[in-house]
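Residue-level structure breakdown
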Amino acid sequence: MNEDISRTATKAVKWSFASEAAAKIIIPVTQLVLARILAPEIFGVLAIVVMITSFAEMLADAGFQKYLIQYEFSDKRKLYEAANVAFWSSMFIAILLLALIVVLRDNLASLVGSPELGLPIAIAALSLPISVFVSTQQALFRRAFEYKRLLPIRVVVATIPLVVSVPLALAGFGYWSLLAGTLAASLYNAVAMTVISEWKPRWSYSVSLLRRMFSFSGWSLLEAISIWATIWSGTFVVGTLLTPYELGLYRQPILVVNSVFALITNATTPVLFAALSRLQNNMTEYRRFFFSFQYSVAIMLFPIGVGAFFYRDFFTSLLFGPKWADAALMFGCWAFVTSLGIVFSHYCSEVFRSLGKPRVSFLSQCLYMCVMIPAIYIAASESFSALVIVNSAVRFIGMGISQLLMYLTAGFGFLQVMKNLYAPLLSALIMGIAAFYLSNFAGGKVLWSAIGIIVCALIYIGVSLSFPRSRKVIFAFAGKIYKRNNRVS
């Protein structure tokens, strides 16, 4: 049974990675093209709109997606009954929130320091009922590990903003071009997933089932709210204390960096959660699977974060253009701490949820926010540079909190984690030392920077190959690529 889950999870990661690879290559390309067309303050405006609508979408989901994935149903009929209750409950909340946002649009815009954004916020809220179709269908596909069927949809959804937003931006529509692309992609995603899904929304409702579902997912909803607050509190502070230009410098690097890392996290996190949920009654296999998963991801992420930090000026100029030079420090710091945070903190939440303890993840987020929010508020009051440094540094406190709760909840000690990850950490450290000297030697010159990046990559691979476990992972990954290329040819 456990071997079947591992094999299924491995196949699911392959197809999930393929779909995310296609999406996460197209999405950053779209953002980078738009960054060269639109001014930073335009992205600052969009950040405020998305902050409000994303909160409403999260409330509309009400945590039901986690219930549909994790709960052990006796048969498919029971699963579909729960899906109907989740759908209609979420739809009711979504329509209610849409009406409230439309009525209170100007008040909400004033609350975030941009009173002129009432109409864009109301229009963006049209995505709320659309997102209900996506969240319910997505939960059922993820539960069944059916990522292969989602691949073509993900590719089209990722392409729509490129096709819609870029021409509108060139025509001078500003942030309206970004909103139009986002809404068009959401609408297609909802329709396409509903068409290919075996389950279709039907009027079937049970209040007793709703109570049972909400008692299960209530903590997941609170956790989701805390995660939203953690992600968007910086945007709220910057939007309130600083200018739209600085808000654009703050949000756009985060968006691009997160899109790149999401190539891995979006492909692996749902699979990790589903697999751990099935292994929760066998802690030996549970521990083995988690540490193996964590190690494989760390090998990929650590060198990306270190390289992005030391070559931040080069990547910022290459990706965004010269008018985004002030965003280099934000880009480099965020990439570095995100590469560590995914491994040491992000996956901890999946452990808590898979063990049926989302309240622990909620506690982790609350403890982190108690430190983060006052820290970034004080830093933003000083300067944008101070905000960037403090916002990145405080994430190490979040990692420490997650590791402590991992030990108390699942018995995963910090020394065990470090023993598991010492090889990729040491390899990244040696590469970082080389990157420090090579980036200074390059002096911002494109050719020497490119050569330095290649040398750093070779150093990392060379050091990693000296560790048997890393060598096994790298050769296995290379073997899969070789077999795939042979099949294609």
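Up top is the structure.
In what follows, the accompanying structure is described.

Cut-offs used in this document
Residues numbered from 1 in each chain as written. Predicted model: local features only at pLDDT ≥ 70, side-chain atom pairs only at ≥ 80, totals over all residues. Heavy atoms only, no water. Helix = DSSP H or I, 4+ residues; strand = E, 2+ residues; numbered from the N terminus. Buried < 20%, exposed > 50% of the residue type's maximum accessible area, 1.4 Å probe, protein only. Contact = heavy atoms within 4.5 Å. Expected span 1.5 Å × (residues − 1). Phe/Tyr/Trp six-rings, centres within 6.5 Å; stacked < 30°, edge-to-face > 60°. Lys NZ or Arg CZ within 6 Å of the ring centre and 35° of its normal. Patch = residues over 30% accessible without salt bridge, like charges linked within 9 Å, V, L, I, M, F, W, Y side chains within 5 Å. Areas by Shrake-Rupley, 256 points an atom, 1.4 Å probe, with all protein chains shown as cover. Salt bridge = Lys/Arg side-chain N within 4 Å of Asp/Glu carboxyl O. Core = buried A, V, L, I, M, F, W, Y, C linked by side-chain atoms within 4.5 Å. Disulfide = S-S within 2.5 Å.

Bringing the overall build of the chain into the picture now. When you go through the chain residue by residue, the secondary structure sums to 20 helices and zero strands. Per-residue burial for the chain yields a buried fraction of 52% across its 489 residues. Nonlocal contacts in the chain, meaning residues at least 24 apart in sequence, comprise 83% of its contacts between residues at least 6 apart.

Spanning 20 residues, helix α8 (residues 151-170) covers 30 Å between terminal C-alpha atoms, matching the ideal 28 Å at 1.5 Å per step. Restricting attention to buried positions, one finds in α8 the residues I153, V157, A158, I160, P161, S165, V166 and A169. Just downstream of α8 lies G172, where phi reads positive at about 95°.

Attention now moves to the environment of G172. Looking at the secondary structure, you find G172 in the loop between α8 and α9 (175-196). For G172, a relative accessible area of 60% gives the class exposed. Each C-alpha atom, one on G172 and one on I37, is 9.3 Å from the other, the two residues being 135 residues apart in sequence.

In this section: the environment of L168. For L168, the location among the structural elements is in helix α8. A residue is classified by how much of its surface remains accessible, and L168, at 27% relative accessible area, is partly exposed. When sequence neighbours within four positions are dropped, the list of residues in contact with L168 reads F173, S177 and A180.

Any aromatic ring pair is given by two values, namely how distant the centres are and how the planes are angled relative to each other. Applying the stated rule across the entire model yields 22 aromatic pairs. With a centroid separation of 6.3 Å and an interplanar angle of 10°, the aromatic rings of F302 and F344 are classed as stacked. Residue F302 is located in helix α12 (residues 283-310), and its partner F344 is located in helix α14 (residues 328-354); the two are separated by 42 residues in the primary sequence. The buried category is assigned to F344, whose relative accessible area is 8%. A centroid spacing of 5.5 Å and a plane angle of 35° characterise the contact between F320 and W324, whose relative ring orientation is tilted. For the pair F320 and W324, a shared accessibility class is recorded, and that class is buried. One aromatic cluster in this structure is built from F309, F310, F336, F396, F436 and Y437. The ring of F309 carries R312 above its face, with NZ or CZ at 4.7 Å from the centroid. Of note, R469 hangs over the ring of Y295, and the distance from its end group to the ring centre comes to 4.0 Å.

Taken together, the side chains of L426, L429, I430, I433, F436 and Y437 make up a nonpolar region of the molecular surface, amounting to roughly 590 Å² of accessible area. Locating L426 in the fold gives a position in helix α18 (residues 414-442). L426 sits in the partly exposed class, given a relative accessible area of 37%.

The next point concerns the pattern of salt bridges. Enumeration according to the criterion identifies two salt bridges in this entry. Between R77 and E81 there is a salt bridge, with its nearest N and O atoms 2.7 Å apart. A residue pair is termed a helical-turn pair when its members lie 3 or 4 positions apart in one helix, as R77 and E81 do in helix α4 (residues 76-103) at four residues. Here E285 makes a salt bridge to R288, at a shortest N to O gap of 3.1 Å. Pair noted here: E285 and R288 are both in helix α12, with a separation of three residues, about one helical turn. Take E285: its relative accessible area is 22%, and that puts it in the partly exposed class.

Another point: the nonpolar core. Core analysis: the biggest nonpolar cluster contains 78 residues, and F290, V343, F344, Y347, V351 and L387 have the highest contact counts within it. In terms of residues, this core owes the most to one element, α14, which gives 14 residues. Excluding residues that lie within four positions of it along the chain, L387 makes contacts with V238, L242, Y250, I376, A379 and A380. Formed by 33 residues, the second largest nonpolar core is a distinct cluster that contains I52, Y80, V132 and L209.

Enumeration over the complete set of coordinates arrives at zero disulfides. Between C366, a cysteine without a disulfide, and C370, which holds the nearest cysteine sulfur, the sulfur-to-sulfur distance is 6.8 Å. Taking relative accessible area as the criterion, C366 reaches 23% and is therefore assigned partly exposed.

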